[in-house]
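Descriptive analysis of the structure
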Amino acid sequence: MANGVFEAARTILAVREFDERPVANDVLRRILEAGRYTASGRNGQPWHFVLVRDRERLRKLGSLVRTGGYTANAAAAVIVGYEKATGQYGISDTSRAIQTMLLTAWGEGVASNWTGFGGIEGVREEFGFPETYDVLAVLPFGYPRRKVAGKKKRKPVNEVMSAERFGEPFS
Ligand SMILES: Cc1cc2nc3c(=O)[nH]c(=O)nc-3n(C[C@H](O)[C@H](O)[C@H](O)COP(=O)(O)O)c2cc1C
């Protein structure tokens, strides 16, 4: 039986070009809900997600993401913040929520990418996050402009996986 979760993990790629089609609100809602359902250390849920759909705001957002200007052309974007005081746990929990959202989107045929992790300093204030939050990522969402048929570039199995002890061949 096909495992849809594995298939999403196997095929998902970073997409940076989107076509004009809007993403339906119920699809966007599911993507954010998937983030909200994510587990976190001590169930702390340190995240906050801001959904941006307004074109002018998307343009502004794109201008504030040094390595993600293409957010300006996305159908929507999610700004992902976390409570600064939660430190590395907050980053870990929120990264997990980001991956849940990206995979859920991919399962809907909606492409995305993680942008940020630095180079997004102006986003927090512009989009109204309190000072107690840091913005970890900006996730542009949309339908891919081109057919996504890329091949993943990943290290070979035995470089990143071992059996029983580090360095012992996996298979
Ligand atoms: C923590 C993190 C930060 C990233 N930051 C950016 C970014 O700022 N801009 C961007 O275009 N891609 C960014 N990416 C996407 C990666 O470059 C991309 O996932 C990687 O090159 C592998 O490509 P693939 O996802 O298509 O397999 C980021 C990915 C991660 C996980």
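Below is a short write-up of the structure.

Topic: the site of the ligand
In the region of the ligand, the neighbouring residues are Leu13, Ala14, Arg16, Thr67, Tyr70, Asn113, Trp114, Thr115, Gly116 and Arg154. For the ligand, whose free accessible area comes to 620 Å², the fraction covered by protein is 59%. For the shell around the ligand, the class distribution of residues is four nonpolar, four polar and two charged.

Points about unusual backbone geometry
What is expected of a backbone is that most residues other than glycine have negative phi and most peptide bonds are trans. The phi angle at Asn43 is positive, at roughly 55 degrees, despite the residue not being glycine. One can find Asn43 in the loop between helix 2 (25–37) and strand 1 (47–52). One non-glycine residue with positive phi stands out, namely Gln45, at about 45 degrees.

So, the layout of surface pockets
Over the atoms, a rolling probe the size of a water molecule traces out where space has been left empty. Space inside the largest pocket adds up to approximately 420 Å³. Looking at side-chain class alone, the lining of the largest pocket contains 10 nonpolar, four polar and nine charged residues. The computed volume of the second largest pocket comes to approximately 180 Å³. Together, 15 residues line the second largest pocket, and Glu20, Arg55, Asn73, Ala74 and Ala75 are the ones closest to its centre. Here the lining of the second largest pocket is composed, by residue class, of seven nonpolar, two polar and six charged.

Here we look at the pairing of strand 2 (residues 76–83)
In terms of burial, strand 2 is a largely internal element, seven of the eight residues being buried. Bridge analysis of strand 1 against strand 2 gives six bridges, and the strand direction is antiparallel. By the bridge assignment for strand 2, Val50 is matched with Ile79. Summarising the sheet, strand 2 and strand 5 (residues 133–142) pair through eight bridges and their orientation is antiparallel. By the bridge assignment for strand 5, Ala77 is matched with Pro140.

Considering the packing of aromatic side chains
All chains considered together, the criterion is met by three aromatic pairs. Here Trp47 and Phe49 contribute two aromatic rings whose centre-to-centre distance is 6.1 Å and whose plane-to-plane angle is 15 degrees, an arrangement assigned as stacked. Ring centres 5.8 Å apart and planes at 50 degrees place the aromatic pair Trp114 and Phe117 in the tilted group. What makes Trp114 partly exposed here is its relative accessible area of 27%. Residue placement shows Arg36 over the ring face of Tyr37; its charged tip is 5.2 Å from the ring centre.

Rules used in this analysis
Residues numbered from 1 in each chain as written. Predicted model: local features only at pLDDT ≥ 70, side-chain atom pairs only at ≥ 80, totals over all residues. Heavy atoms only, no water. Near = heavy atom within 4 Å. Areas by Shrake-Rupley, 256 points an atom, 1.4 Å probe, with all protein chains shown as cover. Nonpolar A, V, L, I, M, F, W, Y, C, P; charged D, E, K, R; others polar. Helix = DSSP H or I, 4+ residues; strand = E, 2+ residues; numbered from the N terminus. 1 Å grid on protein atoms, 1.4 Å probe; cavity = no way out; pocket = protein on both sides within 12 Å on 5 of 7 lines; lining within 4 Å. Points joined across faces, edges and corners; volume = space filled by probe spheres on them. Buried < 20%, exposed > 50% of the residue type's maximum accessible area, 1.4 Å probe, protein only. Pairing = 2+ DSSP bridges. Phe/Tyr/Trp six-rings, centres within 6.5 Å; stacked < 30°, edge-to-face > 60°. Lys NZ or Arg CZ within 6 Å of the ring centre and 35° of its normal.

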